[in-house]
Amino acid sequence: MSMEKDTRETTVDTFDDDMSAERAKNAKGTAFRLLKKLMEQKWKLLVIVLSIIVSSLFNILSPKVMGIAINDIFDGVKNALVNGQRFQVNLETMGTVLLGLLGLYLLSSLFSYIQQNTMASVSQTLTLTLRREISAKLNRLPLRYFDQHKKGEVLSRATSDLEKVADTMQEGLSQLVTAFFGIVGAFVMMLLISPMLTLIALGTIFVSLIVAALVSSRTHRTFAANQEALGRLNSSIEENFTGNLVSKAFNLEQTAVDNTKVLNENLFRASKKAMFMNYMISPIIRLVGQFGYVAVAVGGAMSVIRGGISIGDIQAFIQYVNQASEPVTQISYTVNSLQGAIAAAERVFQLLDEEEEVPDAANPVVLSAPKGNVSFEHVRFGYSDDHILMQDISFDVKAGSKIAIVGPTGAGKTTLVNLLMRFYELPGGRITIDGADISKMERSHLRSLMGMVLQDTWLFGGSIRDNIAYSKENATDEEVYQAAKAAPADHFIRTMPDGYSTILSDEIASLSQGQRQLLTIARAILADPAILILDEAASSVDTRTELEIQKAMDALMKGRTSFIIAHRLSTIRDADHILVMKDGTIIEQGNHDELMKLGKFYADLYNSQFAAKVG
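### Looking at the side chain of Gln41
With respect to the helices and strands, Gln41 occurs in the loop between α2 (27-38) and α3 (42-83). Side-chain polar atoms of Gln41 contact the backbone oxygen of Val122, separated by 3.2 Å. Apart from the residues lying within four places of it in its own chain, the contact partners of Gln41 are Ser121, Val122, Thr125 and Leu126.

### Examining the pairing of strand β2 (residues 387-397)
Pairing of strand β1 (residues 374-384) with β2, which is carried by seven bridges, proceeds in the antiparallel orientation. Across the sheet, residue Val379 finds its bridge partner in β2, namely Ile393. Where β1 folds back onto β2 in an antiparallel hairpin, the turn is made up of two residues.

### Focus: the confidence of the model for the protein chain
Across the protein chain, pLDDT averages 79, with 83% of residues at or above 70. Across residues 1-24, confidence stays below pLDDT 50; counting only partners more than four residues off in sequence or on other chains, it has 38 contacts.

### Here we look at the pattern of salt bridges
When their charged atoms lie close together, side chains carrying opposite charge are able to pair. Inspection of every chain in the model, using the stated rule, returns 20 salt bridges. Of the charged contacts, one joins Glu356 and Lys137 as a salt bridge, the two residues approaching to 2.9 Å between their closest N and O atoms. On the criterion of sequence distance, the pair formed by Glu356 in the loop between α12 (311-352) and β1 and Lys137 in helix α4 (residues 91-140) is long-range, its members being 219 residues apart. Residue Lys137 is classed as buried on the basis of its relative accessible area of 2%. In this structure, the salt-bridge partner of Arg347 is Asp161, at a minimum N-O distance of 2.4 Å. Pair noted here: Arg347 is in helix α12 and Asp161 is in helix α7 (residues 160-193), with a separation of 186 residues, a long-range link. As far as burial versus exposure is concerned, Arg347 and Asp161 are alike and both buried.

### Focus: the sheet that holds strand β10 (residues 561-565)
Judged by pairing direction, the sheet is mixed, and its six strands sit side by side in the order β6-β9-β10-β3-β11-β12 without closing on themselves. The open sheet has two edge strands with one neighbour each: β6 (450-453) and β12 (585-590). Within the sheet, the average angular offset between the axes of one strand and its neighbour, ignoring direction, is 15°. Inspection of the sheet shows β6 paired to strand β9 (residues 531-535) by four bridges, in the parallel sense.

### Re the packing of helix α6 (residues 151-158) against α7
Helix packing for two helices is described by the angle between their axes and how far apart those axes are. For the pair α6 and α7, interaxial distance at closest approach is 3 Å and the crossing angle is 15°. The orientation of α6 with respect to α7, classified from their angle, is roughly parallel. Every residue of α7 that contacts α6 at Ser156, Arg157 and Ala158 is listed here: Ser160, Asp161 and Leu162. Of the residues contributing to the contact of α6 with α7, the split by class is two nonpolar, two polar and two charged.

### Quick word on helix α13 (residues 413-420)
α13 sits mainly inside the fold: seven of its eight residues count as buried. Turning to α13, its buried residues are Lys413, Thr415, Leu416, Val417, Asn418, Leu419 and Leu420. Directly after α13, the chain includes Arg422, whose backbone phi takes a positive value near 60°.

### What about the sheet that holds strand β4 (residues 428-433)?
Strand order in the open sheet formed by four strands is β2-β1-β4-β5, and the pairing between neighbours is antiparallel. Strands at the two margins of the open sheet, each flanked by one partner only, are β2 and β5 (436-437). Running over the sheet, α13 touches β1, β2 and β4 and is turned about 115° from β1.

### Some thoughts on the packing of helix α16 (residues 477-486) against helix α18 (residues 513-527)
Relative to each other, α16 and α18 sit at 125°, their axes nearing to 8 Å. When the axes of α16 and α18 are compared, the pair comes out oblique. Seen along the crossing, α16 lies across α18 with a hand that is right-handed. Contact residues: α16 offers Glu479, Val480, Ala483, Ala484 and Ala486, while α18 offers Ala522, Ile525 and Leu526. A per-class count over the contact of α16 with α18 returns seven nonpolar, no polar and one charged.

### Quick look at the pairing of β1
Among the eleven residues in β1, eight count as buried, and that is most of the element. The sheet contact formed by β1 and β4 spans five bridges and is antiparallel. Along β4, the bridge assignment pairs Phe376 with Ile431.

Parameters and conventions
- Residues numbered from 1 in each chain as written.
- Predicted model: local features only at pLDDT ≥ 70, side-chain atom pairs only at ≥ 80, totals over all residues.
- Heavy atoms only, no water.
- Helix = DSSP H or I, 4+ residues; strand = E, 2+ residues; numbered from the N terminus.
- Polar contact = N/O pair within 3.5 Å; in protein donor to acceptor, adjacent residues only side chain to side chain.
- Contact = heavy atoms within 4.5 Å.
- Pairing = 2+ DSSP bridges.
- pLDDT = per-residue confidence, 0-100.
- Salt bridge = Lys/Arg side-chain N within 4 Å of Asp/Glu carboxyl O.
- Buried < 20%, exposed > 50% of the residue type's maximum accessible area, 1.4 Å probe, protein only.
- Axes fitted to C-alpha atoms, helices over the stretch in contact; angles between N-to-C directions.
- Parallel < 35°, antiparallel > 145°, perpendicular 65-115°, else oblique.
- Nonpolar A, V, L, I, M, F, W, Y, C, P; charged D, E, K, R; others polar.
- Left-handed = near helix turned anticlockwise from the far one by under 90°.

What follows is the structure, given as structure tokens:
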């Protein structure tokens, strides 16, 4: 459906543009929302904060204790010189000081370990929670969402973006809190030692903060662009993998390589810019800090000469300057990293905020003994409001009937059965099964009434038995065997090295496309549905296998309402009713003989196929 494709691509482009714009505007809102998620683990956060406070306290006391030791040594040397005696270290005093200093370092390390271990738990719990929400969200999103977004883009949000949030939270958040308490504690001790020198240090740190703010104002945009470029590259790689055979068949490998190269270079430039903005701030702030050290050293030396401060206190003060200035650098670097995490979190939250499927009815209708009567009543549908595909579709299907849906590519055949399975919601009209409106049913119950076999086979990585049993929970081995025999697939399965235990994967080369299709048919047979949907189910098999499948399907369709989407009209001549579609509208309906007598679109279509076959 070319028009549908154009509409969907336009929507994707619009979405990407909007996304880039929103990320620049909603950084504060995203940060608040992320903090709210973290507060769900408030007790762990409390442990982290208390551990940081205690660890910071021990770190802050260490320079003061060391200053006491230095003053003791200085006074001893001074007294020895004055009295003309040999200087000797007071082992008892120094031993007590050194043991106290060792105890402070050990306790600080212990509480730092507690803080980091707990923060790792918080980070991974946050990741687990968001991943569960994403998984549940993806199952609640309408099919329309997946029509409008590339799989690689969705995958990027659920993996790399989420990991970016987790990694930054684990390192950045604890560093931010540690830096805050370190700065506060260091300034308190600096004020107690020398208010004048504290003002000098404070001026240097204030300049550093201004520089950090100027750089950080541009960091969020660069990280947002980096995450978007990464999503586009992931999407391209995923497409290249899944379409590898087609690329080789049409000699488009170089085109795929060139396209990936462009996207890779875009990611390189975006990452380089983001990393430059992230890492440039540290050397700039350190340069400003060096001027601060020089000013403190000169002022401190003058104070020592005047006797206004002891030499032990000046060395302690310099350590406190380092404890205050280094966290400023750390905060600046961490804030930049958090910008990247916020950009990634915004993409994750954007996925979580997508409009979901219409909720199931509060008191859903349940068909305990479904018969399979289906009715479309003035159905209206379009993939977008400005492109209505179906205007007024109405028809009735009696239980047990075989209904064929035919028409050219893009006529709306697959869309019709998608509406029946409620993959899309109707803006107008209604569809009923046994007189019950499907919008009043739970989706899980509605889809349990149906079995579907698509033209494109889908098998997951697992055993053949598990793939067949996928349609029925707690299916027994005997039920699986009977379904495979009815497909018929039992014979070729037993020729496999491990029979029904053979593990399937994307790389397996021992199954033909026809054999894979037989497995999906066996899966539908096992489900034993009231309504059967076959979308070109036998199009991928050879003529002999097609005849076997047709026999199995004829037996399966007895007593069941069956919808058959077909391009080869010779396979649906015995259908009870044929719906002929064109441009989303049913233009003719009736059985084969009636439509041939009518001599219009269906007859022309059938005759053209027959003539082509004869020719």
